[in-house]
Amino acid sequence: QVQLVESGGGLVQAGGSLSLSCVASGNSFSVNIMRWYRQPPGNQRELVADIDNGGNTNYADSVKGRFTISRDNAKNTVYLQMSSLKPDDTAVYYCNADIWIMKRLANYWGQGTQVTVSS
């Protein structure tokens, strides 16, 4: 069994910065692609950014140039550095990962962390 645990959410003023992290923990697993999603109030969950285990990244157009995704493979951790935050970035942010366990690839979600950007 694998768990993803996010941390780092909170309240920040517009224009400010915030950093999120997500750690995968468990026994005998290997992490493939790691992602950050977000779900704004009253809206659907959307992909923010992803990173493969080679460090290749993709970003939603709405966060390009403001957010940076990175990972530490040795620590099974993915980070999301957010800067120039806007009220529209207010959402619950979820960590997501494709993880190999016992030669099977499965998708896992974290519990989410709230990010609130005040104007």
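Residues numbered from 1 in each chain as written. Predicted model: local features only at pLDDT ≥ 70, side-chain atom pairs only at ≥ 80, totals over all residues. Heavy atoms only, no water.

A. Here's a closer look at the pattern of salt bridges. All told, the structure shown has 5 salt bridges when counted by the stated rule. Across the salt bridge formed by Arg 38 and Asp 89, the nearest N and O atoms sit 2.9 Å from each other. Remark: Asp 89 occurs in the loop between β8 (77-82) and β9 (91-101) and Arg 38 occurs in strand β4 (residues 29-39); sequence separation between them is 51 residues. By relative accessible area, which is 4% here, Arg 38 ends up buried. You can call Asp 89 buried: its relative accessible area is 2%. Lys 64 is the partner of Asp 61 in a salt bridge, and the nearest nitrogen-oxygen pair spans 3.1 Å. Given the relative accessible area of 65%, Asp 61 is considered exposed. (Salt bridge = Lys/Arg side-chain N within 4 Å of Asp/Glu carboxyl O. Helix = DSSP H or I, 4+ residues; strand = E, 2+ residues; numbered from the N terminus. Buried < 20%, exposed > 50% of the residue type's maximum accessible area, 1.4 Å probe, protein only.)

B. A look at the packing of aromatic side chains. Throughout the structure, instances matching the rule amount to 2 aromatic pairs. Their ring planes at 55° and their centres at 4.9 Å tell us that Tyr 37 and Trp 109 sit as a pair that is tilted. On the criterion of sequence distance, the pair formed by Tyr 37 in strand β4 and Trp 109 in strand β10 (residues 104-109) is long-range, its members being 72 residues apart. Trp 109 sits in the partly exposed class, given a relative accessible area of 38%. Both rings, one in Tyr 94 and one in Trp 109, keep their centres 6.3 Å apart while their planes meet at 85°; by these two values the pair is edge-to-face. Residue Tyr 94 is found in strand β9, and its partner Trp 109 is found in strand β10; the two are separated by 15 residues along the sequence. For Tyr 94, a relative accessible area of 13% gives the class buried. (Phe/Tyr/Trp six-rings, centres within 6.5 Å; stacked < 30°, edge-to-face > 60°.)

C. Broad picture of unusual backbone geometry. Positive phi is not limited to glycine here, since Asn 76 has a value of about 50°. Relative to the helices and strands, Asn 76 resides in the loop between β7 (67-72) and β8. We note that Ser 84 has phi near 50°; this positive angle belongs to a residue other than glycine.

D. Focus on the environment of Leu 85. Mapped onto the fold, Leu 85 is located in the loop between β8 and β9. When its relative accessible area of 2% is taken as the criterion, Leu 85 is described as buried. Sequence separation of Leu 85 and Ala 14 is 71 residues, and the distance between their C-alpha atoms is 5.3 Å. Each residue touching Leu 85, except ones within four places of it in the same chain, is listed here: Val 12, Ala 14, Gly 15, Gly 16, Ser 17, Leu 18, Arg 66, Phe 67 and Val 117. (Contact = heavy atoms within 4.5 Å.)

E. Geometry of the sheet that holds strand β3 (residues 18-26). Spatial ordering of the open sheet is given by β1-β3-β8-β7, a layout of 4 strands whose pairing is antiparallel. A single partner strand is all that each edge strand has here, and the edge strands are β1 (2-7) and β7. Neighbour-to-neighbour, the strand axes of the sheet open up by a mean angle of 15°, direction not taken into account. (Pairing = 2+ DSSP bridges. Axes fitted to C-alpha atoms, helices over the stretch in contact; angles between N-to-C directions.)

Such coordinate-based values are descriptive only and should not be taken to indicate function.
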